[in-house]
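Close look at the chain arrangement
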2 protein chains.
Amino acid sequence: MSGMTPARGDHEARRADVSEAVWRVLAEGGFGALTLRAVAAEMGASTGLLTHYFPNKRALVRHALEVLDRRSAERPRPAAERAGAGLAMLRAVLLDILPLSAQSAADNRIWVGSWDVALSDPELAAEHAERYRRARRVMAEHVAEARRLGELPPGRAPQEVAAAAQSFVLGLVVQVLFAPQEYPAQRQIELVDLYLDGLAAAPARPGATRAADGPAGPAGVRDSGGVR
Amino acid sequence: MSGMTPARGDHEARRADVSEAVWRVLAEGGFGALTLRAVAAEMGASTGLLTHYFPNKRALVRHALEVLDRRSAERPRPAAERAGAGLAMLRAVLLDILPLSAQSAADNRIWVGSWDVALSDPELAAEHAERYRRARRVMAEHVAEARRLGELPPGRAPQEVAAAAQSFVLGLVVQVLFAPQEYPAQRQIELVDLYLDGLAAAPARPGATRAADGPAGPAGVRDSGGVR
DNA sequence: TGCTACCTACCAAACGTTTGTTATGTACGC
DNA sequence: GCGTACATAACAAACGTTTGGTAGGTAGCA
């Protein structure tokens, strides 16, 4: 009962076990409930185990987020695997982000929760920013390919389209997490398709929505002086 | 120095003062740094003052978020005030959400940060969900009006368009907070206009992006069983 | 006017608990 | 017997909350 010592020797595997326990605690109670004792209890161990594998709490959290990110990237992506290229592939990438499954919902909940601590920790913030930059690059390539295939009209820079698409899914994730019953998987997919239809459509008369720009300027952004 | 008793009689004003101190602490260090002592120090008072006006920490946080929400709603909305109706109004509403000013960036940072604790606190989560629902309703009305004015093509339900637009801005907010230098105010506005152009454009051949649906089904959402 | 009574508004200090971290002990495989 | 892999226990610090007290205002009554 005492010394079962499972999976001896594989240091990294044990660290992964710890990370999983961290995820479970985070998924349940968020970062406010993330304590060393809670993690230890979650995996039926002592805090001594945690400190044996991680120098401190911050390192533990950073590793858990890193592994979660890597796991998400390497996980079988049901939609992307069967999609071809171009627009269909962009669609698949977007769908694979959304909380369409319970597992993905839990992961996304952790991810959204991490934004609070990340925004106050420059190192974590930089890592997050880099992750999103990477994802944007991938999307931009699919957009470029879609344009080459004639699925998307030229005129918009792939980077801009990718940034917009990423914003869209990210915001949708948040909405879903707060109102799961209002956003079943079916509706999430429909919303993505609606969005993609807007991309595929030819651009409207340029400047149509900005007709009243003359007097109002760029939306009256005259107060204060920019972000940061 | 001891008994200056400022602003006597206005109990509610004092609670607002406390809330402002809460905002300042949250904007700086997020919810992880939100302690009664930090708030008290921020306003040069004792923790006893806080407990005098609020029964406990949770009540203090909830009130601060509530007031922040109300303040944001009642704040002069530079864009919305000058916008007419329909699509221009929808555009204004979206722009007023974005962190185009330093003040709005600070508010948005608090808001994003609150998602972690809200997702683990059913009462807070319900309040958040209700807020977003309200905002969606407003957007949907502008969408309906735009459709009446012929600025938007029929075919999409205003509710769906509103949900999509809200997701878009919300996600953009997050992106901006993590990479402010990549998303200056100018670019945020351009992205919104790009998005609105996609709405205004006539829908593409229906089902174009879902061409390969046959074998792949609805994006291969076959693993696991739905959210929640 | 002056005394008593009671109120709100706060401070300073302390309470018991929980936190991250550190130190010490111990069982096991080599 | 020696290092790795933990458990156990202790640590100071920080936490939310409670308590006791003071200062000043207000109201009532003489």
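In what follows, the accompanying structure is described. Each residue is numbered by its place in its chain's sequence as written, counting from 1. The naming scheme follows written order: chains are lettered A onward, ligands numbered 1 onward. A pLDDT threshold of at least 70 governs which residues receive local features in this predicted model, and a stricter bar of 80 or more applies before side-chain atom pairs are shown or counted, although totals over entire chains, interfaces and linings include all residues. The side-chain values count all of the structure's non-hydrogen atoms but skip hydrogen atoms and water molecules.

With that settled, consider the protein's contact with DNA strand C. Taken together, 15 residues are adjacent to DNA strand C, and Thr35(A), Arg37(A), Lys57(A), Ser46(B) and Tyr53(B) come closest. The share of sugar and phosphate among atoms of DNA strand C within 4 Å of the protein is 60%. Any N or O atom pair separated by 3.5 Å or less is treated as a polar contact, with the protein-specific requirement of one donor-capable and one acceptor-capable atom, and with residues adjacent in sequence counted only for side-chain atom pairs. In this structure, Arg37(A) approaches DNA strand C through a side-chain N or O atom, which is 2.9 Å from a base nitrogen. Contacts to DNA strand C include Arg14(B), whose side-chain N or O atom sits 3.1 Å from a phosphate oxygen. Secondary-structure elements contributing two or more residues to the surface near DNA strand C are helix H2 (36-42) of chain A together with helix H1 (11-29) and helix H3 (47-53) of chain B. A helix here means a DSSP run of H or I that spans at least four residues, while a strand means a run of E at least two residues long, and both kinds are numbered starting from the N terminus. The biggest single contributor to the surface near DNA strand C is H3(B), with four residues. Each residue receives one of three labels: charged for Asp, Glu, Lys and Arg, nonpolar for Ala, Val, Leu, Ile, Met, Phe, Trp, Tyr, Cys and Pro, and polar for the others, Gly being one of them. When its residues are assigned to classes, the surface near DNA strand C shows five nonpolar, seven polar and three charged. If a single non-hydrogen atom of a residue is within 4 Å of a molecule or strand, that residue counts as near it.

Two rings from Phe, Tyr or Trp (for Trp, the six-membered ring) form a pair when their centres sit within 6.5 Å of each other. Planes less than 30 degrees apart are called stacked, planes more than 60 degrees apart edge-to-face, and all others tilted. Summed over all chains, the structure comprises six aromatic pairs over all chains. Where Tyr132(A) meets Phe178(B), the ring centres are 6.1 Å apart and the plane angle is 50 degrees; that geometry is what we call tilted. Highlighted residues: Tyr132(A) in helix H8 (residues 122-148) and Phe178(B) in helix H9 (residues 158-178), drawn from two different chains. You can call Tyr132(A) buried: its relative accessible area is 7%. With centroids separated by 4.5 Å and ring planes inclined at 10 degrees, the aromatic side chains of Phe168(A) and Tyr195(A) adopt a geometry described as stacked. With Phe168(A) in helix H9 (residues 158-178) and Tyr195(A) in helix H10 (residues 185-200), this pair connects stretches of sequence that are 27 residues apart. There is no split in this pair, since Phe168(A) and Tyr195(A) are both buried. Three or more aromatic residues link up through ring pairs in this structure, and these residues are Phe168(A), Tyr195(A), Phe168(B) and Tyr195(B). For a ring to carry a charge above it, either NZ of a lysine or CZ of an arginine must fall within 6 Å of the ring centroid while also lying within 35 degrees of the normal to the ring plane. Geometry around Tyr183(B) places Arg187(B) over its ring, the cationic atom sitting 4.6 Å from the centre. When a residue's accessible area, from a 1.4 Å probe over protein chains only, is under 20% of the maximum for its type it is buried; when over 50% it is exposed; and in between it is partly exposed.

Let us now look at the side chain of His63(B). All names here are of chain B. Tracing the backbone through its elements, the reader meets His63 in helix H4 (residues 57-74). Reaching out from His63, the side chain makes a polar contact with the side chain of Ser19 at a distance of 3.2 Å. Ignoring sequence-local partners within four residues, the contact set of His63 consists of Glu12, Arg15, Ser19 and Phe54. Residue contacts are counted whenever heavy atoms from the two residues lie within 4.5 Å of one another.

Near DNA strand D lie 18 residues; those nearest to it are Ser46(A), Tyr53(A), Thr35(B), Arg37(B) and Lys57(B). For DNA strand D, the fraction of atoms within 4 Å of the protein that belong to sugar or phosphate moieties is 54%. Within the side chain of Ser46(A), an N or O atom sits 2.4 Å from a phosphate oxygen of DNA strand D. Within the side chain of Arg37(B), a nitrogen or oxygen atom sits 2.7 Å from a base nitrogen of DNA strand D. Counting residues per element, the ones that place at least two in the surface near DNA strand D are helix H3 (47-53) of chain A together with helix H2 (36-42) and H3 of chain B. When residues of the surface near DNA strand D are assigned to their parent elements, the largest contribution, five residues, is made by H3(A). Residues that form the surface near DNA strand D fall into these classes: five nonpolar, eight polar and five charged.

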